[in-house]
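Descriptive analysis of the structure
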Amino acid sequence: MYVSMKDMLWHAHNNNYAVMAINCVNMEQAKAIIQSAEEERSAVILNISPRQMKAHGHGEILAPMIRGMAKRISVPVAFNLDHGANLEDITAAMSYGFSSVMIDASGFAFEENVRRTQIVASMAHGMGLSCEAELGHVGLAKEADNEKEDLYTNPEQAKEFAERTGCDCLAVAIGTAHGSYPKGFVPRLDFERLALLKETLQMPLVLHGGSGAGEENIKKAVACGINKINVCTDLFKHARIATAKTLEENPEIDYMDLCIAAQNAMKEFIKSYMRIIGSSGQYDFEQYQGPELD
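Scoring rules and cut-offs
- Residues numbered from 1 in each chain as written.
- Predicted model: local features only at pLDDT ≥ 70, side-chain atom pairs only at ≥ 80, totals over all residues.
- Heavy atoms only, no water.
- Helix = DSSP H or I, 4+ residues; strand = E, 2+ residues; numbered from the N terminus.
- Buried < 20%, exposed > 50% of the residue type's maximum accessible area, 1.4 Å probe, protein only.
- Contact = heavy atoms within 4.5 Å.
- Salt bridge = Lys/Arg side-chain N within 4 Å of Asp/Glu carboxyl O.
- Polar contact = N/O pair within 3.5 Å; in protein donor to acceptor, adjacent residues only side chain to side chain.

This part covers the side chain of glutamine 29. Here glutamine 29 is to be found in helix α2 (residues 27-40). Note on glutamine 29: relative accessible area 5%, which makes it buried. With near-sequence residues (within four places) excluded, glutamine 29 lies in contact with Asn23, Cys24, Leu235, Phe236 and Met266.

In structure tokens:
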């Protein structure tokens, strides 16, 4: 079940839930994510950014590995390039076998964002891939970009953008940011804007910066129309804490067992998150009790 994001996100849109898009840079994370999806009967998206791909999770290695894992299970799995800004990074992901790409030209003026997104959407659709775009700008938590309302997405402008570009889903800025917020800080999200965006666009919407946003904010964002939630920082944190705790408890542990301990901690977090956003059980039938006919 290795697929593009398009149909799974339209299913989420039509059934009022969200799909996790989880950053993945190695085999342990891929196994944790895909096993969680199978066990929860949930669709899932694996993300990787160009920086992560160049630093550690090389796309030409991860893409066939993820595709192979996805073929063994019976729920939809997508592999998406997150925040592709340079055309060469996006086309590289396409050539590696990613099933989806994101073009992030949100830092440019509106017309340039439209132009770049049109190009990438056309290329992606020609290969059977889905295309995510961003309007407004989801910046960095450490720079308090989540509080800069001039970066938030304008609903009427978003409608024109979606119609002109043909993107399959749209990342919107409503008050979240990438990275870690200050300790104890929970962002205030503009739910009125989100509801208006959903009413205006009637398409799958994406929330970037899902880590640290708080469970109530996440639940309300889904209720107001978010269908894809990007999670990176929180997953990495769970893996790091589990690794440190396991080493403290057993300094002589075998490296493979250490990897499995981190993998299991990530699964626990992912499965819990899937239940919160309503994706668990979306790809399941009640057991059929009737006769098996020829």
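Structure's up, so let's keep going.
Our focus in this paragraph is the pattern of salt bridges. Oppositely charged side chains are able to pair whenever their charged atoms sit close together. The tally for this structure, following the rule as stated, stands at 13 salt bridges. The salt bridge involving glutamate 38 is made with arginine 41; its shortest N-O contact spans 3.1 Å. Ionic pairing is found between glutamate 111 and arginine 164, a salt bridge with its closest N-O pair at 2.9 Å. Of this pair, glutamate 111 sits in helix α6 (residues 110-126) while arginine 164 is found in helix α7 (residues 155-165), placing the two residues 53 residues apart along the sequence. Overall, the relative accessible area of 34% leaves arginine 164 in the partly exposed class. Each member of the salt-bridge network shares a partner with another, and the members are Glu38, Arg41 and Asp284.

Mapped onto the fold, threonine 200 is located in helix α8 (residues 191-201). In this structure, the C-alpha to C-alpha distance between threonine 200 and alanine 55, residues 145 residues apart in sequence, is 39 Å. Within the structure, threonine 200 has its side chain in polar contact with the backbone oxygen of leucine 196 (distance 2.7 Å).

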